[in-house]
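Observations on the three-dimensional arrangement
The lines below spell out each chain.
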Amino acid sequence: KNKVNQAITTLETQGEKIDILINNAVSRGLTSIFDSPEDDNFEQVIQTNIMGSWYMIKACANHMRRNQIKGSIINMGSICGQGK
């Protein structure tokens with residue numbers, strides 16, 4: 001979260017403006033409910049795929065609003081999210 005905000009701040013101080021965000025975060029791994037007593041991999045997947053995307057959306061949307069930019073935010077997924 002902090003790194004995302006720092007990146008946006010750095011771009012703004014350099015006079016850059018964001019008018020498009022393409023979110024394509026992917027983290028995969030086995031998250032078996034039965035085989036592993038640890039939740040580390042599951043939490044990593046959630047942090048990357050959901051929270052990472054959310055932090056980018058929020059930061060870029062606020063940047064666009066502050067700068068009165070009519071931009072686009074595109075979130076991509078993959079067939080890897082499909083159940084077997």
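Look up: the structure comes first, before these words.
What you see is a predicted model, and the numbers here were worked out from it, not measured in a lab.

1. Considerations on the overall build of the protein chain
Scanning the protein chain for helices and strands turns up 2 helices and 2 strands. When the elements of the protein chain are put in sequence order from the N terminus, they spell out α-β-α-β. The buried share of the protein chain, taken over its 84 residues, is 15%. Within the protein chain, residue pairs in contact and separated by at least 24 positions form 67% of the contacts whose partners lie at least 6 positions apart.

2. Notes on the pattern of salt bridges
If you walk through the whole model with that rule in mind, you get 1 salt bridge. Residue R66 is joined to E12 by a salt bridge in which the shortest nitrogen-to-oxygen separation is 2.6 Å. Of this pair, R66 sits in helix α2 (residues 40-66) while E12 sits in helix α1 (residues 2-13), placing them 54 residues apart in sequence.

3. Examining α1
Spanning 12 residues, α1 covers 16 Å between terminal C-alpha atoms, matching the ideal 16 Å at 1.5 Å per step. At the exit of α1 stands G15, carrying a positive phi of roughly 85°.

4. Structural notes on the nonpolar core
Among the nonpolar cores identified, the biggest contains 8 residues, and these are V4, I8, I18, L21, A59, C60, M64 and I69. Elements represented by at least two residues in this core include exactly α1 and α2. Considering each element in turn, this core owes the most residues, 3 residues, to α2. If near-sequence neighbours (up to four positions away) are discounted, V4 is found in contact with Y55, M56 and A59.

5. Things to note about the pairing of strand β1 (residues 20-23)
Residues L21 and N23 of β1 are buried on one face, while the alternating residues I20 and I22, pointing to the opposite face, are not. Here β1 runs beside strand β2 (residues 72-75); their pairing, made up of 4 bridges, is parallel. Of the residues in β2, the one forming a bridge with L21 is I73.

6. Thoughts on unusual backbone geometry
Note: most residues except glycine have negative phi, and most peptide bonds are trans. Even without glycine at this site, Q68 takes up a positive phi of about 50°. Counting through the fold element by element, Q68 comes out in the loop between α2 and β2. Judged by relative accessible area, Q68 falls into the exposed class, the value being 76%.

7. Concerning the side chain of H63
Its place among the elements puts H63 in helix α2. For H63, a relative accessible area of 1% puts it in the buried group. In terms of polar contacts, H63 uses its side chain to reach the backbone amide nitrogen of I18, at 2.9 Å.

The rules behind each value
- Residues numbered from 1 in each chain as written.
- Predicted model: local features only at pLDDT ≥ 70, side-chain atom pairs only at ≥ 80, totals over all residues.
- Heavy atoms only, no water.
- Helix = DSSP H or I, 4+ residues; strand = E, 2+ residues; numbered from the N terminus.
- Buried < 20%, exposed > 50% of the residue type's maximum accessible area, 1.4 Å probe, protein only.
- Contact = heavy atoms within 4.5 Å.
- Salt bridge = Lys/Arg side-chain N within 4 Å of Asp/Glu carboxyl O.
- Expected span 1.5 Å × (residues − 1).
- Core = buried A, V, L, I, M, F, W, Y, C linked by side-chain atoms within 4.5 Å.
- Pairing = 2+ DSSP bridges.
- Polar contact = N/O pair within 3.5 Å; in protein donor to acceptor, adjacent residues only side chain to side chain.

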